[in-house]
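# Results of the structural survey
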Amino acid sequence: KQSIEQLRLLALLSSAAVEPSEILALLDTAYVFANDFSTNRKNLEVQIQNILQYQELFKIEKISIMYFESDIVKLFYSSEKPFTQFSRVTEDPEMRQVREKAGVVVKPDYLKEEQSYYSAFAPVLDGQENVIGFSQVDVLKSEILGRQPNLWLRLLFYWAATLLFS
């Protein structure tokens, strides 16, 4: 449970790294790619790299930032290189939940490219608390389970202690 809470925290940190105004500008049809966009993008890159430093919690596989354009989900940023910015992303049920409830959602133990992952999704909110996008943090299942106390070792310890003191 503590590992899941740490994963949720990482998703919240990554969503907080995004400037909502930058995503809102993308949704404006008159938006022009200007120098300030590339500067903001570099700032986001630095902030995401800072989040990736939380390696004492987990080895983070990927952090993605996505936004909603009407009923379509598009990729804004990914720590996985290379990535195609503004490409369409298949919407998972968890993404819909974040959009509808504006809360952090965890997708536990799912297969992707023959690996088991846990993912956490956190909303990016505009000034009126509307969900305009979200972050996704992916961690291997083995990282989550590796942080759990080893049940068998604990049981062995209790069994040995019982034998010793009985």
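Remember, it's a predicted structure, so these values are computed and weren't measured experimentally.

As a further point, take the pattern of salt bridges. Oppositely charged side chains can pair when the atoms bearing their charge come close. For the structure on display, the rule yields seven salt bridges. For Glu 61, the salt bridge is made with Lys 59, and the minimal N-O distance between the two is 3.1 Å. Linking Asp 138 and Lys 62 is a salt bridge whose minimum nitrogen-to-oxygen distance equals 4.0 Å. With a gap of 76 residues between them, Asp 138 in strand E6 (residues 131-140) and Lys 62 in strand E1 (residues 60-69) connect regions that are remote in the sequence. Each member of the pair, Asp 138 as well as Lys 62, is classed as buried. Among the charged side chains, a salt-bridge network with shared partners connects Lys 62, Lys 112 and Asp 138.

Here the focus is the pairing of strand E5 (residues 115-125). Of all eleven residues that make up E5, eight are buried, and the element is covered over most of its length. Strand direction decides the pairing type here: strand E4 (residues 105-112) and E5, joined by six bridges, are antiparallel. Note on E5: the bridge partner recorded for Val 105 is Phe 121. Between E4 and E5, which pair antiparallel one after the other, the connecting turn spans two residues, and Glu 113 there sits at a positive phi close to 50°. Of the strand pairs in this sheet, E5 and E6 are connected by nine bridges, and their pairing is antiparallel. The residue of E6 that forms the bridge with Pro 123 is Phe 134. Counting the residues that bridge the hairpin from E5 to E6 gives five residues, and of these Glu 129 lies at a positive phi of roughly 65°.

Quick look at the confidence of the model for the protein now. With 77% of its residues at a pLDDT of 70 or more, the protein shows a mean pLDDT of 78. Least confident of the elements in the protein is helix H6 (residues 151-165), whose mean pLDDT is 45; most confident is strand E3 (residues 88-89), at 93. pLDDT under 50 marks residues 30-35. Its contacts with residues more than four places away, or in other chains, come to four contacts.

This part takes up helix H4 (residues 93-101). Every buried residue of H4 is listed here: Glu 94, Met 95 and Val 98. Within H4, the buried residues cover an arc of 105° as seen down the axis, which keeps them to one side. For H4, the exposed residues set more than 90 degrees away from the buried face come down to Pro 93, Glu 100 and Lys 101. Elements that come into contact with the buried residues of H4 comprise E1, strand E2 (72-78), E3, E4, E5 and E6. Ala 102 lies just past H4 and shows a positive phi near 60°.

Criteria and thresholds
- Think of each chain on its own: its residues are numbered from 1, step by step along the sequence as written.
- Two thresholds apply to this predicted model, a pLDDT of at least 70 for residue-level local features and 80 or more for giving and counting side-chain atom pairs, whereas whole-chain, interface and lining totals are computed over all residues.
- With hydrogens and water excluded, all non-hydrogen atoms of the structure serve as input to the side-chain values.
- Here a salt bridge means any side-chain nitrogen of Lys or Arg lying within 4 Å of a carboxyl oxygen belonging to Asp or Glu.
- Secondary structure follows DSSP: runs of H or I at least 4 residues long count as helices, runs of E at least 2 residues long count as strands, and numbering of each begins at the N terminus.
- Only protein chains enter the accessibility calculation, which uses a 1.4 Å probe. A residue is then buried if its area is under 20% of the maximum for its type, exposed if over 50%, and partly exposed in between.
- The pairing criterion for strands is at least two bridges between them, as found by DSSP.
- Residue-level confidence of the predictor is summarised by pLDDT, bounded by 0 at the bottom and 100 at the top.
- Residue contacts are counted whenever heavy atoms from the two residues lie within 4.5 Å of one another.
- Of all possible arcs, the one meant is that of the directions from the helix axis to the C-beta atoms.

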